[in-house]
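Spelled out from the first residue to the last, the chains are:
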Amino acid sequence: MFQTSIAGSLPKPAWLAETNKLWPKWHAEGSELQQAKADATLLWIKEQEDAGLDIIGDGEQARQHFVHGFVEHVEGIDFEHKVTMGIRNNRYDAQVPQVVAPLRLKGRVHAFEAQLARAHTKKKLKFTLPGPMTIVDTVADRFYGDKVRMAMAFAELLNQEALALQADGVDIIQFDEPAFNVYMKDAADWGVKALEVAARGLTCTTAVHICYGYGIKANVDWKNTLGNEWRQYEEIFPALAKSSIDQVSLECFHSHVPPHLMKLLEGKDVMVGVIDVASDTIETPEEIADTIGTALQFVARDKLFPCTNCGLAPMSREVAVKKLEALAKGAALARERYK
Ligand SMILES: [Zn+2]
């Protein structure tokens with residue numbers, strides 16, 4: 001009961017890449033970089049296990065950013081000539097590559113780190129991929145001329161990699177769709193369908209993570225404009241509840257999401273965010289158990305998975321380790337409290 005995991009990303013050690021950044025520059029090249037990525041992946045598997053988490057991830061140590069880490073392996077994209085584009089409905093500008101030709105995978109995307117992680121933990125392994133709608137919102141289209149067509153093209157490629165990850169022994173494949181909370185109507189109209197294409201044929205557990213973004217300033221400023229009640233989930237959860245996706249990861253602690261919206265996900269596993277990624281303050285086990293208690297009013301106990309609100313990538317390593325420990329301790333306290 002109350003199996004714990006992180007949303008996905010963890011900070012990169014200072015010897016691997018720049019710290020406290022969302023798009024950090026690598027500190028090595030070629031085979032040295034590959035070795036450094038492997039070392040960082042192993043380090044975080046150990047830290048997650050030592051903290052006492054139940055489901056382990058690779059911490060996204062082998063990719064610069066959760067979207068571009070996938071897109072770099074796709075043919076038909078021009079990475080040489082990036083353009084500045086407002087993303088997440090112009091919340092912030094990013095340097096994005098351009099889609100210039102039909103999309104095709106160059107080969108495996110995440111085989112290296114998935115197989116490495118699988119070989120080094122006996123616990124359940126979760127692996128994250130960007131969702132089709134979020135990818136479409138993070139690249140510039142100079143070829144398809146139609147968002148939905150391009151999303152479906154990316155969904156086919158994601159499906160190809162997801163099936164291969166499953167064959168690598170991954171237990172849970174999670175698609176990250178922060179864009180769902182920005183384009184709610186599109187998410188309900190076609191975003192969930194694209195997600196189902198990406199997850200087609202998978203027999204492992206499938207999940208989607210929908211958050212209000214990393215704890216960076218642009219996101220914190222945006223959250224301050226959303227008012228006292230964040231009801232974005234209300235528009236997308238009904239479509240997700242009807243979908244084939246098994247689990248939904250959502251933001252809860254310190255958010256203004258009305259907790260009763262979790263009820264809209266009846267029948268699904270719910271990964272409840274009990275750790276704030278926008279604050280360096282470490283949650284107490286009591287606070288975490290309280291959040292779990294609130295969620296229990298709307299989610300069945302065997303369907304509740306305590307998680308972080310989002311990835312921990314832009315945080316300091318020390319804070320991230322303490323937050324992992326807090327997550328495990330809080331879940332342990334909740335198991336005692338809500339027996
Ligand atoms: Zn997130």
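It should be noted that the structure appears before, not after, this text.
These remarks concern the structure in this document. These numbers come from a predicted model, not from an experiment.

## Concerning the side chain of Glu177
Then, number 1: By the element assignment, Glu177 lies in the loop between β6 (172-176) and α6 (184-198).
Then, number 2: For Glu177, which is buried and forms no salt bridge, the nearest opposite charge comes from Arg88, at a distance of 7.9 Å.
Then, number 3: Within the structure, Glu177 has its side chain in polar contact with the side chain of Thr134 (distance 2.6 Å).
Then, number 4: In this structure Glu177 touches Gly131, Pro132, Met133, Thr134, Leu195, Val208, His209 and Ile210, once residues within four positions along its chain are discounted.

## A closer look at the pairing of β6
Side-chain positions along a regular strand alternate between the two faces of the sheet.
Then, number 1: Of all five residues in β6, five are buried, a share of seventy percent or more.
Then, number 2: Here β6 shows a buried face lined by Ile172, Gln174 and Asp176 and a second buried face lined by Ile173 and Phe175.
Then, number 3: In terms of strand pairing, strand β4 (residues 124-130) meets β6 through five bridges, oriented parallel. Paired with Thr128 across the two strands is Gln174, which belongs to β6.

## Describing α6
Then, number 1: Largest kink in α6: about 50 degrees, centred on Trp190.
Then, number 2: Within α6, the full set of buried residues consists of Met184, Ala187, Trp190, Gly191, Val192, Ala194, Leu195, Val197 and Ala198.
Then, number 3: Tucked inside the fold, the buried residues of α6 contact α4 (132-136), α5 (147-167), β6, β7 (205-210) and α8 (232-241).

Criteria and cut-off values
- Residues numbered from 1 in each chain as written.
- Predicted model: local features only at pLDDT ≥ 70, side-chain atom pairs only at ≥ 80, totals over all residues.
- Heavy atoms only, no water.
- Helix = DSSP H or I, 4+ residues; strand = E, 2+ residues; numbered from the N terminus.
- Buried < 20%, exposed > 50% of the residue type's maximum accessible area, 1.4 Å probe, protein only.
- Lys, Arg positive; Asp, Glu negative; His and termini not counted.
- Salt bridge = Lys/Arg side-chain N within 4 Å of Asp/Glu carboxyl O.
- Polar contact = N/O pair within 3.5 Å; in protein donor to acceptor, adjacent residues only side chain to side chain.
- Contact = heavy atoms within 4.5 Å.
- Pairing = 2+ DSSP bridges.
- Bend = angle between axes of the 7 residues up to and from the residue.

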